[in-house]
There are 2 protein chains.
Amino acid sequence: MPKIVDHGERRRIIAEATWRVIERDGFDRATFRAIAKELGYTPSVVAHYFRDKDRLMEFAFKLGCEDAFSRIERDAQHLPPGLPRLKIALEHMMPDSLGRDISAKATLNYWGAAANTPAMVAVHRQSYLAWRALLRRFLSEAAAAGQVASAFDIDLESSILIALIDGIMVGSALESSLYPRSVQRTLIHRALARLSTDYEAGKPSSAVVSRKVKTTTAKAAKHA
Amino acid sequence: MPKIVDHGERRRIIAEATWRVIERDGFDRATFRAIAKELGYTPSVVAHYFRDKDRLMEFAFKLGCEDAFSRIERDAQHLPPGLPRLKIALEHMMPDSLGRDISAKATLNYWGAAANTPAMVAVHRQSYLAWRALLRRFLSEAAAAGQVASAFDIDLESSILIALIDGIMVGSALESSLYPRSVQRTLIHRALARLSTDYEAGKPSSAVVSRKVKTTTAKAAKHA
C-alpha cells in the first residue's frame, strides 16, 4: 500500500519538475535527462514512470488543471451560488494563481505542441470539458439567482470567459509586464461586472474598476 | 529594380509556405527542407533568404500581423469612427479571417516557441504594440463620439479585447468545432455590444446576440 502512494507522489513530483523546466527552458529542452537532473534523479527513473515525453506532458497538463478545479470546488462550497463562485473559479485559473504545477509560459509551450499532436490536444479538450462544465454550473446558478441579465446565453458566456482566461494566459506569458496579477484580476472583475444585473441597469457594481486598479481591486476583494 | 521586387516577393512566398507547413505539421517539422519541398525549391533557396528558422518564423509572424493591420486600415477609412471600425478590426484578427498567411494552429506554435525565445517574443511584442495602438485609436474615437459608457478605461478595454481575440485563437486551434466562424463573430459582437452605451442603458443594441447565432450575425453584418 505505501508503495502505491509513493508511485502517485513520484509521478506528481516529476510532473511539477517538468513544468518548471518547460517554464524556464522551453518545451524542446525539457528532455527526460533535463527533468531528471532538476530532481537529482537518473533519466531512467523518469522513464520508469512515463513511456515518453508526450505522455509525461499530458499527465502534467491534466494534473495542473485537476488541481485548479479541486481548489475551485473547495472554495466554492463556502461561497454563495452564482457570481461569487464564478469569480473564485476565474481567479484560480489566472496564470499567477496556478503556482508551480502550471504556469503561463509552460501552458503556451503545451498548447503549441498540442496543436499538431492529437493525443495532447485530446487531453486539453478533456480538461476544458470539465472547465466549461464548472463555468456553466456557476453561470446557471447566477441565472437562477437573478444575478445576471435576462437575455443570457450560458454557452456563449462560458466561451467568452474561457477565451478571456486563455487570452490572459497568452498575455501573461508573452507580455508579462502588461499583465501583473492586479491587472489580471481587474480584467476578470470587469468581465463579471458586465454580466451582473447591476451593470445592465446602468449602475456599475462595486466590482467595476476603471483607472484606480489597486483601490478598486481591494474594494472588490472586500466585497467577495 | 525588378530584382528587388522579386526578392521581397520571394520572402513573402516562403513565409506563407512556412505557415502552411506549421499549420499542417507543427513547428518541429517545419524545417527549411520541408518548407522548400512545399514550394518545389531546394533548401538552399530558403537558406539564401533566411539565416535560420527563427528569423524565418519571426518574418512570417510579423508579415501576417502587418497584412491584417493593412486590411484593417484599408476598411476602417470607409467606416464611421469608433465602434464600427473597432468591429472590423476585431473581425480581421479572427483566426478564420487571416487567410493563408497566418492561422490559429500556426500562431499557437509560434507563441509556444516564442515563450522561451527572446527574439521571437520581441517580434510578438512589437506587432502587439501596433495592434494595441489600433484598438486604442478606435476606442478613443468611440469615447469621443459618445458611443461608450462614461466610466471607460481605454487601456483596460484594449487589454480585454486583445485577450478575447487571443483566447479565440487558442479555442479555434485546439477546439475548432466549438469555434466556427459564426461563433467567433458572435463572441466579438457580444463584447462590443457590452461596450456600447445602448447596452449600458439596458437596451441591448442590434449587435447583441444570444441563441440565434446565424440570424443575428446576418443582422449585424447588414448593420456594419
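On a predicted model such as this, the values are computed, not experimentally measured, just so you know. (Residues numbered from 1 in each chain as written. Chains lettered and ligands numbered in written order. Predicted model: local features only at pLDDT ≥ 70, side-chain atom pairs only at ≥ 80, totals over all residues. Heavy atoms only, no water.)

Secondary structure summary: chain A contains 11 helices and zero strands in total. Its helices and strands taken in sequence order, chain A reads α-α-α-α-α-α-α-α-α-α-α from the N to the C terminus. Looking at chain A residue by residue over its 224 residues, the buried ones come to 55%. Taking all contacts inside chain A whose residues are at least 6 apart in sequence as the whole, residues at least 24 apart take part in 67%. Accessible surface computed for chain A: about 9,700 Å², of which carbon and sulfur atoms make up 55%. (Helix = DSSP H or I, 4+ residues; strand = E, 2+ residues; numbered from the N terminus. Buried < 20%, exposed > 50% of the residue type's maximum accessible area, 1.4 Å probe, protein only. Contact = heavy atoms within 4.5 Å. Areas by Shrake-Rupley, 256 points an atom, 1.4 Å probe, with all protein chains shown as cover.)

The next point concerns the relation of the copies chain A and chain B. With an RMSD of 0.0 Å, the fit of chain A onto chain B corresponds to turning through 180° and sliding 0.0 Å along the axis. In short, the pair behaves as if placed about a two-fold rotation axis. Of all interface residues in chain A, 98% are interface residues in chain B too; the two copies therefore contact each other through one and the same surface. (Least-squares fit on C-alpha atoms with pLDDT ≥ 70 in both.)

A few words now on the packing of aromatic side chains. Residue and element names in this part refer to chain A. This structure, assessed with the given rule, holds eight aromatic pairs over all chains. Note on Phe69 and Trp131: the rings are 6.2 Å apart at their centroids and 15° apart in plane angle, and the pair reads as stacked. Placement of Phe69 in helix 4 (residues 53-76) and of Trp131 in helix 7 (residues 118-144) is noted, with a sequence separation of 62 residues between them. Looking at Trp131, the relative accessible area reads 0%, which means it is buried. Feature note: the residues Trp19, Phe61 and Tyr110 constitute an aromatic cluster, connected by ring pairs. (Phe/Tyr/Trp six-rings, centres within 6.5 Å; stacked < 30°, edge-to-face > 60°.)

The next point concerns the interface of chain A and chain B. The partner chain B presents 50 residues to the 51 residues of chain A that form the contact. With both chains or domains summed, chain A and chain B bury close to 4,200 Å², and 56% of this area falls on carbon and sulfur atoms. Where chain A packs against chain B, one counts four salt bridges. The salt bridge partner of B:Glu157 is A:Arg194, with a shortest N-O separation of 2.7 Å. (Buried area = accessible area lost by both parts, 1.4 Å probe. Salt bridge = Lys/Arg side-chain N within 4 Å of Asp/Glu carboxyl O.)

Once that is clear, we can look at the pattern of salt bridges. Within this structure, the stated rule accounts for 32 salt bridges over all chains. In this structure, A:Arg20 and A:Glu38 form a salt bridge, with 3.1 Å as the shortest nitrogen-oxygen distance. Taken as a pair, A:Arg20 in helix 1 (residues 2-25) and A:Glu38 in helix 2 (residues 32-39) lie far apart in primary sequence, 18 residues in all. Salt-bridge contacts for B:Asp155 lead to B:Arg136; the nearest nitrogen and oxygen are separated by 2.1 Å. Taken as a pair, B:Asp155 in helix 8 (residues 154-174) and B:Arg136 in helix 7 (residues 118-144) lie far apart in primary sequence, 19 residues in all. Owing to a relative accessible area of 33%, B:Arg136 belongs among the partly exposed residues under this scheme.

Judged by nonpolar contacts, the single largest core of 140 residues is most densely connected at A:Trp111, A:Trp131, B:Trp111 and B:Trp131. With residues near it in sequence (within four places) discarded, B:Trp131 still touches B:Phe69, B:Ile72, B:Ala89, B:Leu90, B:Met93, B:Ile162 and B:Ile165. (Core = buried A, V, L, I, M, F, W, Y, C linked by side-chain atoms within 4.5 Å.)

Enumeration over the complete set of coordinates arrives at three cavities of 30 Å³ or more. The space that makes up the largest cavity amounts to roughly 230 Å³. Taken together, 17 residues form the lining of the largest cavity, with A:Ile160, A:Arg194, B:Ile160, B:Ala191 and B:Arg194 sitting closest to its centre. For the lining of the largest cavity, the elements supplying multiple residues, two or more each, are helix 8 (154-174) and helix 9 (181-195) of chain A together with helix 8 and helix 9 (181-195) of chain B. Of all the elements, helix 9 of chain B adds the most residues to the lining of the largest cavity, at five residues. Residues that form the lining of the largest cavity fall into these classes: 11 nonpolar, no polar and six charged. (1 Å grid on protein atoms, 1.4 Å probe; cavity = no way out; pocket = protein on both sides within 12 Å on 5 of 7 lines; lining within 4 Å. Points joined across faces, edges and corners; volume = space filled by probe spheres on them. Nonpolar A, V, L, I, M, F, W, Y, C, P; charged D, E, K, R; others polar.)

Attention now moves to the environment of B:Lys87. All names here are of chain B. Among the structural elements, Lys87 can be located in helix 5 (residues 83-92). Classification of Lys87 as buried rests on a relative accessible area of 10%. Note: C-alpha distance between Lys87 and Gly146 (59 residues apart in sequence) is 16 Å.

Here we come to helix 2 of chain A. Residue and element names in this part refer to chain A. Residues of helix 2 that are buried include every one of Phe32, Ile35 and Ala36, and no others. Looking straight down helix 2, one finds its buried side chains confined to an arc of 100°; they lie on one side. Exposed side chains of helix 2 directed beyond 90 degrees from the buried face belong to Arg33 and Lys37. Gly40 sits one or two positions beyond helix 2 and adopts a positive phi of about 70°. (Arc of directions from axis to C-beta.)

Another point: the environment of B:Arg51. Summarising the element assignment, B:Arg51 is placed in the loop between helix 3 (43-49) and helix 4 (53-76). According to the relative accessible area criterion, B:Arg51 is exposed, its value standing at 68%.

What follows deals with the confidence of the model for chain A. All names here are of chain A. Averaged over all residues, the pLDDT of chain A is 84; the fraction at 70 or higher stands at 82%. Within the model, pLDDT remains below 50 along residues 202-224, and this stretch shows 37 contacts once partners closer than five positions in the same chain are excluded. Among the scores for the predicted complex, ipTM is 0.85 and pTM is 0.85. (pLDDT = per-residue confidence, 0-100.)

Before going further, it helps to spend a moment on the layout of surface pockets. Counted as a void, the largest pocket has a volume near 590 Å³. Surrounding the largest pocket, 26 residues form its lining, A:Phe27, A:Asp28, B:Phe27, B:Asp28 and B:Ala113 being those nearest its centre. Of the residues belonging to the lining of the largest pocket, the class tally is six nonpolar, 10 polar and 10 charged.

Another aspect to go through is the packing of helix 6 (residues 104-114) of chain A against helix 6 (residues 104-114) of chain B. Where helix 6 of chain A contacts helix 6 of chain B, the axes come no closer than 7 Å and their chain directions differ by 140°. Between helix 6 of chain A and helix 6 of chain B, the crossing angle belongs to the class labelled oblique. By crossing handedness, the relation of helix 6 of chain A to helix 6 of chain B is classed as left-handed. Contacts between helix 6 of chain A and helix 6 of chain B involve A:Leu108, A:Asn109, A:Trp111 and A:Gly112 from the former and B:Leu108, B:Asn109, B:Trp111 and B:Gly112 from the latter. Considering only residue class, the contact of helix 6 of chain A with helix 6 of chain B consists of four nonpolar, four polar and no charged. (Axes fitted to C-alpha atoms, helices over the stretch in contact; angles between N-to-C directions. Parallel < 35°, antiparallel > 145°, perpendicular 65-115°, else oblique. Left-handed = near helix turned anticlockwise from the far one by under 90°.)

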